[in-house]
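Structural characterization, general
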Number of protein chains: 2
Amino acid sequence: MPKLVNIKQNVMAADEKHAASIRKDMERRGILLLNLIGSPGAGKTTLLEATLKTGRFKASVIEGDLATTRDAQRIQATGAEAIQINTQGGCHLEANLVEKAMSQMDLTGLDILFIENVGNLVCPAEFDLGEDFKVAISSVPEGPDKPLKYPHLFRQAGAVVLTKADIKPYIEFDEELFWTDVTNLNPSAVKIEMATTKGEGVDAWLDLLESWLRDKRSRA
Amino acid sequence: MPKLVNIKQNVMAADEKHAASIRKDMERRGILLLNLIGSPGAGKTTLLEATLKTGRFKASVIEGDLATTRDAQRIQATGAEAIQINTQGGCHLEANLVEKAMSQMDLTGLDILFIENVGNLVCPAEFDLGEDFKVAISSVPEGPDKPLKYPHLFRQAGAVVLTKADIKPYIEFDEELFWTDVTNLNPSAVKIEMATTKGEGVDAWLDLLESWLRDKRSRA
């Protein structure tokens, strides 16, 4: 066994009040709030584009990035409202930033508000943004060991979406290992496999959104 | 243009003293210290395995991960020494952790000490570990927009390595955009394209390591 140096680092922020306030507001408005978390290039924006283009939900997007408004522009091209938060080096979104962004949006009549977090499997998992669910997005080319190596995110996710499944014939990927590790970390997570640009898995994803939205509104 | 909320976050740590001490020690020993930074699944460990298997350098590895000793085990399987630092949620390595790990290693006669940072394009770019160079590892499946979206890393990198080039026929990837953005951010970065598991680009990478090592030792 390799030698191991264990260091506990506290990266939790004290903005639970903002998260609680967001949660209350979303509850009142009946809007499903989802926090999408994945590596750079996992396919988060592509998944959102595919979702918005179907027109099945009235949805808007808050985009988190270190720099550029590129992702927000991609979202706006679908006709949906998008607002970009640039963290200027910050590795995740915090609830106070999200609340500020929300105050600049028209949330009237919205079904779903998506937050696309900064591309990162670590920091975003530690911060509550008032979301109904975190969604973990992991792509085939990243390799099957991501759940075990980044357990904080996968343990908390309401759903795990495996993207770029159409790359499987061209790359070594142990699918059984990936899903077994997900199940062991988080038995209740919904599991969806997608080849988003080929349209595969999109229906399963939309159905999940619909059931989450229905559940939330029936509880209200 | 999308609306933009700009927030400056200070994520710099105050462990410059440890970085300076590491740098001095590596100078004295004539060891090239490299800090490899890339997304989860960019191919950092695979690049190290390929490098170590050639036997061209006497090299050891410090592995940074949130959890598991998986990467250190992969490195040890090549016969090289590896030590794992588990950050337990921390999104990057800091110099004080690296120095502690080094104190547990036999550095005698080493040519190169590699640090494989936590899979993340954000936080690791902010921290000086006393390295000679940061190396940015980005893979074709992540998409070509990563340099612009994560400019802090690409601006500082001594070399940018584009991995998984063999996936290009199966995925949309604007190579010219990627390299143009890299050049604009960092004109002096060495650029290498690799299909590591196919052996492509490995020689260019090894030649770079050799020239860096030669330069360092000739300065001593």
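Residue indices begin from 1 for each chain and proceed along its sequence in written order. Here the convention is simple: chains get letters from A, ligands get numbers from 1, in the order in which they are written. Whole-chain, interface and lining totals are the exception, using all residues; otherwise, since this is a predicted model, local features are given only for residues with pLDDT of at least 70 and side-chain atom pairs are given and counted only at 80 or more. Hydrogens and waters are ignored; side-chain quantities use all the structure's heavy atoms.

1. Here's the deal with the interface of chain A and chain B
Interface size is commonly expressed as the accessible surface area that is lost when the partners come together. We call two residues contacting when some pair of their heavy atoms lies within 4.5 Å. Taken together, the 60 residues of chain A in the interface contact 60 residues of chain B. The contact between chain A and chain B buries some 5300 Å² in all, and 58% of this surface belongs to carbon and sulfur atoms. Salt bridges are defined as contacts in which a side-chain nitrogen from Lys or Arg sits within 4 Å of a carboxyl oxygen from Asp or Glu. The salt bridge partner of Asp 71 of chain B is Lys 149 of chain A, with a shortest N-O separation of 2.6 Å. Polar contacts, as counted here, are pairs of nitrogen or oxygen atoms within 3.5 Å of one another; within protein the pair requires one atom able to donate a hydrogen and one able to accept it, and residues that are adjacent in sequence qualify only if both atoms are side-chain atoms. Where chain A touches chain B, the interface holds seven residue pairs in polar contact (both at pLDDT 80 or more). Working definition: helices are DSSP H or I runs of at least four residues, strands are E runs of at least two. Numbering for both runs from the N terminus. Of all the secondary structure elements, the ones that give two or more residues to the side of chain A that touches chain B are β1 (3–6), α3 (70–76), β4 (82–86), α4 (95–102), α5 (146–149), α6 (151–156) and α7 (175–185) of chain A. Following the grouping adopted for this structure description, the nonpolar residues are Ala, Val, Leu, Ile, Met, Phe, Trp, Tyr, Cys and Pro, the charged ones are Asp, Glu, Lys and Arg, and the polar ones are all others, Gly among them. Class assignment of the residues belonging to the side of chain A that touches chain B gives a composition of 27 nonpolar, 18 polar and 15 charged. Once two parts are brought into contact, the accessible area they lose, counted with a 1.4 Å probe and summed over both, makes up the buried area.

2. Digging into the nonpolar core
Among buried residues, the Ala, Val, Leu, Ile, Met, Phe, Trp, Tyr and Cys ones that are joined through side-chain atoms within 4.5 Å form a nonpolar core. Buried residues are those whose accessible area, probed at 1.4 Å on protein chains only, stays under 20% of the maximum for their type, while exposed residues exceed 50% and partly exposed ones sit between those limits. Ranked by internal contacts, the top residues of the largest apolar core, which has 49 residues, are Phe 154, Val 160 and Phe 178 of chain A together with Phe 154, Val 160 and Phe 178 of chain B. Not counting chain neighbours up to four residues away, the residues in contact with Phe 154 of chain B comprise Ala 136, Ser 138, Lys 146, Pro 147, Val 160, Phe 178, Val 182, Leu 185 and Asn 186 of chain B.

3. Some words on the packing of aromatic side chains
Both the distance between ring centres and the angle between the ring planes are used here to describe each pair of aromatic rings. Stacked, edge-to-face and tilted labels apply to pairs of Phe, Tyr and Trp rings (six-membered ring for Trp) whose centres lie within 6.5 Å, assigned for plane angles under 30 degrees, over 60, and everything in between, in that order. All told, the structure shown has nine aromatic pairs over all chains when counted by the stated rule. With a centroid separation of 3.6 Å and 5° between ring planes, the pair formed by Tyr 170 of chain A and Tyr 170 of chain B is classed as stacked. Of this pair, Tyr 170 of chain A sits in the loop between β7 (159–163) and α7 while Tyr 170 of chain B sits in the loop between β7 (159–163) and α7 (175–185), which puts the two residues in different chains. According to the relative accessible area criterion, Tyr 170 of chain A is partly exposed, its value standing at 38%. A network of ring pairs unites the aromatic residues Phe 154, Phe 173, Phe 178 and Trp 179 of chain A as a single cluster.

4. Points about the pattern of salt bridges
Residues and elements named next belong to chain A. Scanning all chains against the criterion turns up 30 salt bridges over all chains. Between Arg 217 and Asp 111 there is a salt bridge, with the nearest N and O atoms lying 3.1 Å from each other. Of this pair, Arg 217 sits in helix α8 (residues 202–219) while Asp 111 sits in the loop between α4 and β5 (112–116); the two residues are 106 residues apart in sequence, bridging distant segments of the chain. Residue Arg 217 is classed as partly exposed on the basis of its relative accessible area of 36%. By relative accessible area, which is 15% here, Asp 111 ends up buried.

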